Amino acid sequence: MHNADWLARSTRAVWHPCTQMQRHETFPLIPIARGEGVWLVDFDGKRYLDAVSSWWVNLFGHGHPRINAALVDQLGQLEHVMLAGFTHQPVVELSERLGALTGLGHAFYGSDGASATEIALKMSFQFWQQTGHPGKTRFIHLAHSYHGETLGALAVTDVPLFRQTYAPLLNAALSAPSPDARLAGPGEDGEAVARRAAAGLEALLAAHAGQVAALIVEPLVQGAAGMAMYHPVYLSEARRLCHQYGVHLIADEIAVGFGRTGTLFACEQAGIRADFLCLSKGITGGYLPLSCVLTTDEVYAAFYHADIRRGFLHSHSYTGNALACRAALAVLDIFAEDDILARNRGKAAEFAPLLAPLQAHPAVRHFRQQGMIWAFDVDTARGDFALAFFRDMLEQGCLVRPIGQTVYFMPPYVIEAEQMAMLVAATLRTLDALVGEGEGSALAEPAVP
Ligand SMILES: *Cc1c(COP(=O)(O)O)cnc(C)c1O
C-alpha cells in the first residue's frame, strides 16, 4: 500500500481532529507507516523529522526500545483491570513514584489531558462544598490559556476559535492577565511583566475570592497561546496570593511536565507546590493515553468519609490502565538511568549556536527558549503563514506546525545536533521563501496549535 491508498481511505472514514476536512481535498494527509527516533516515515519511504513531538507527547523518540520492552513484558501479565475495587502493580508503583517526585501523595487517573483538567476542577469545587464554602464555585484562568476541549476544560480555555461555537454551554470563568514576557512595555523585562500580571490577579482575587474555587495555570509556558513564556516569579506570586485568598492553585503541566521546561516539573523553577498537578502527554513517553491529577493530604482528607456521596465519584473506563502506567514507569526509569535532565541541559547549550542564525533573521521577533522548547514570532503580512510554512517544511522533511505567526520546535529529547542543524537550515530556507515576497493570502487564518 502506498500513501495515496491510505489517504483516500482515511479521508473517507476518519474524521480527523482539529481539522476542516474539506482542506484535505487540496492538501493531503500524510499517512505514517512507522516511527524511529525523531523520524516519522510515510508509506512511500519519505522521512519527516518530528519537531513537534507528535503534538507534544513524545519524549524519547518513536519506537523506544526500553518502553517497547516494558510494554511487551506488561502484556504478558495484565493489560487492564477496572480500578474501582481493584488495583495492580504498575498503578501502585507509578503513584508512589509521582508522589515522591512532586510531594503530592494522592494520584487520581484519567485517560487524557482534558479529563485531568475536569478532575482537578471538580475536586476543587467539591472540596469547598464539603468544607463549608459552598459559594466558591468559579474558576480563574489566564488570558490565552489552554486546558483542553471538553466542556469543563473549555470553560477555562481562552481560545476564541475553540470556544465561540460552544459559548452557550460553558460556565463563565474569570480571566486574569497573562504574564507572557512578550507583553513587556518600554523599560520592562519579563519579571516586570510577571509582577504586573500578578497585581492584576490580586485585584481579581480581592474582588471575587469568596466565589472562586481555583486558579488554573500552565506553568512557565502557555503552549497553545503560541509558546508564550513567562518569568517564574509569576508562579511564586500566584502561589502566595492563592494561599492568602483561600483559593486552590491548579498547575496544568500536561504539556510542560516531564522535563520539557528544563526541570522535571515546571513548578520546581518557582519553588512552589500546587494543590493540584495535572499530568498527561509526555507521561507515557507519547505511547498511550494516560493522565493523572496529583493532590495534597488536605484535599484527600476532605473526601475521606463514611458517606459515599462525599467521595470523589468520578471515573473513566480506562482509569489507571496497566499498560499505560507501565509505559509511564519506563519513562521515569529512563529519566533516572540516562540522567535526561542533565543531558537536555547539555543539548540546549550545544544547540544555542546552531539556532543563532534564526534569532538573527530580519523577520524573526521574540526568539525565546525554555528547556527543550524553542519559539519565535515571524513578522509577516501573510494570513496563510502557518499553513504555507507547514507545507514548505514538510517538503524538506520536517514536521513543524506554526501556531499563527509563532514557529516553535518542541522535538523529542533524543534529537542530535545534526538533526537540529537540518531543522534550522530548512526553517531559514522556508522563511526566506515565504517572508517578504509579498504573495500569499492576506486573509488572516485563525491560529490553531
Ligand atoms: C494538550 C493540553 C491539554 C489537553 O490534553 P488532551 O490530552 O489533548 O485532552 C490540557 N492542557 C494543556 C496545557 C495542554 O497542552
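Attention here is on the structure that accompanies the text. Please read all numbers here as calculations on a predicted model, not as lab measurements.

1. A word on the side chain of aspartate 377
And step 1. Its location among the elements puts aspartate 377 in strand S14 (residues 373-378).
And step 2. A polar side-chain atom of aspartate 377 sits 3.0 Å from a polar atom in the side chain of arginine 182.
And step 3. Of the polar contacts made by the side chain of aspartate 377, one reaches the side chain of arginine 368; its length is 3.2 Å.

2. Details of the packing of helix H4 (residues 89-102) against helix H11 (residues 322-337)
And step 1. Taken N-terminus to C-terminus, the directions of H4 and H11 make an angle of 40°; their axes are 8 Å apart at the nearest point. Taken together, H4 and H11 sit at an angle that is classed as oblique. Handedness of the H4/H11 crossing: left-handed. Along the contact surface, H4 presents Pro90, Val91, Glu93, Leu94, Arg97, Leu98 and Leu101, while H11 presents Ala322, Cys325, Arg326, Ala328, Leu329, Leu332 and Asp333.
And step 2. In the contact of H4 with H11, the residues fall into ten nonpolar, no polar and four charged.

3. Considering a nonpolar patch on the surface
And step 1. Nonpolar side chains collect at one region of the surface, where Leu151, Tyr166 and Leu169 lie side by side and expose about 310 Å² of accessible area between them.
And step 2. Mapped onto the secondary structure, leucine 169 falls in the loop between helix H7 (160-163) and strand S6 (174-176).
And step 3. By relative accessible area, which is 57% here, leucine 169 ends up exposed.

4. Notes on helix H5 (residues 113-130)
And step 1. Across its 18 residues, H5 extends 26 Å between first and last C-alpha, which sits within 8% of the 26 Å expected from 1.5 Å per residue.
And step 2. Immediately beyond the C-terminal end of H5, within one or two residues, lies glycine 132, with a positive phi of roughly 85°.

5. Notes on the layout of surface pockets
Remark: the empty space left among the atoms is shown by a probe the size of a water molecule rolled over them.
And step 1. One number sums up the size of the largest pocket: a volume of about 1800 Å³.
And step 2. Lining the largest pocket are 48 residues, with Pro17, Cys18, Thr19, Trp55 and Arg401 positioned closest to its centre.
And step 3. Secondary-structure elements contributing two or more residues to the lining of the largest pocket are helix H1 (3-13), helix H2 (53-56), H7 and helix H13 (385-395).
And step 4. A per-element tally of the lining of the largest pocket places H13 first, with five residues.
And step 5. Of the residues in the lining of the largest pocket, the class split is 32 nonpolar, eleven polar and five charged.
And step 6. A domain split of the lining of the largest pocket shows at least three residues from each of domain 1 (3-63 + 339-434) and domain 2 (67-337).

Quick notes on the rules
Residues numbered from 1 in each chain as written. Predicted model: local features only at pLDDT ≥ 70, side-chain atom pairs only at ≥ 80, totals over all residues. Heavy atoms only, no water. Helix = DSSP H or I, 4+ residues; strand = E, 2+ residues; numbered from the N terminus. Polar contact = N/O pair within 3.5 Å; in protein donor to acceptor, adjacent residues only side chain to side chain. Axes fitted to C-alpha atoms, helices over the stretch in contact; angles between N-to-C directions. Parallel < 35°, antiparallel > 145°, perpendicular 65-115°, else oblique. Left-handed = near helix turned anticlockwise from the far one by under 90°. Contact = heavy atoms within 4.5 Å. Nonpolar A, V, L, I, M, F, W, Y, C, P; charged D, E, K, R; others polar. Patch = residues over 30% accessible without salt bridge, like charges linked within 9 Å, V, L, I, M, F, W, Y side chains within 5 Å. Areas by Shrake-Rupley, 256 points an atom, 1.4 Å probe, with all protein chains shown as cover. Salt bridge = Lys/Arg side-chain N within 4 Å of Asp/Glu carboxyl O. Buried < 20%, exposed > 50% of the residue type's maximum accessible area, 1.4 Å probe, protein only. Expected span 1.5 Å × (residues − 1). 1 Å grid on protein atoms, 1.4 Å probe; cavity = no way out; pocket = protein on both sides within 12 Å on 5 of 7 lines; lining within 4 Å. Points joined across faces, edges and corners; volume = space filled by probe spheres on them. Domains from an automatic or database assignment.

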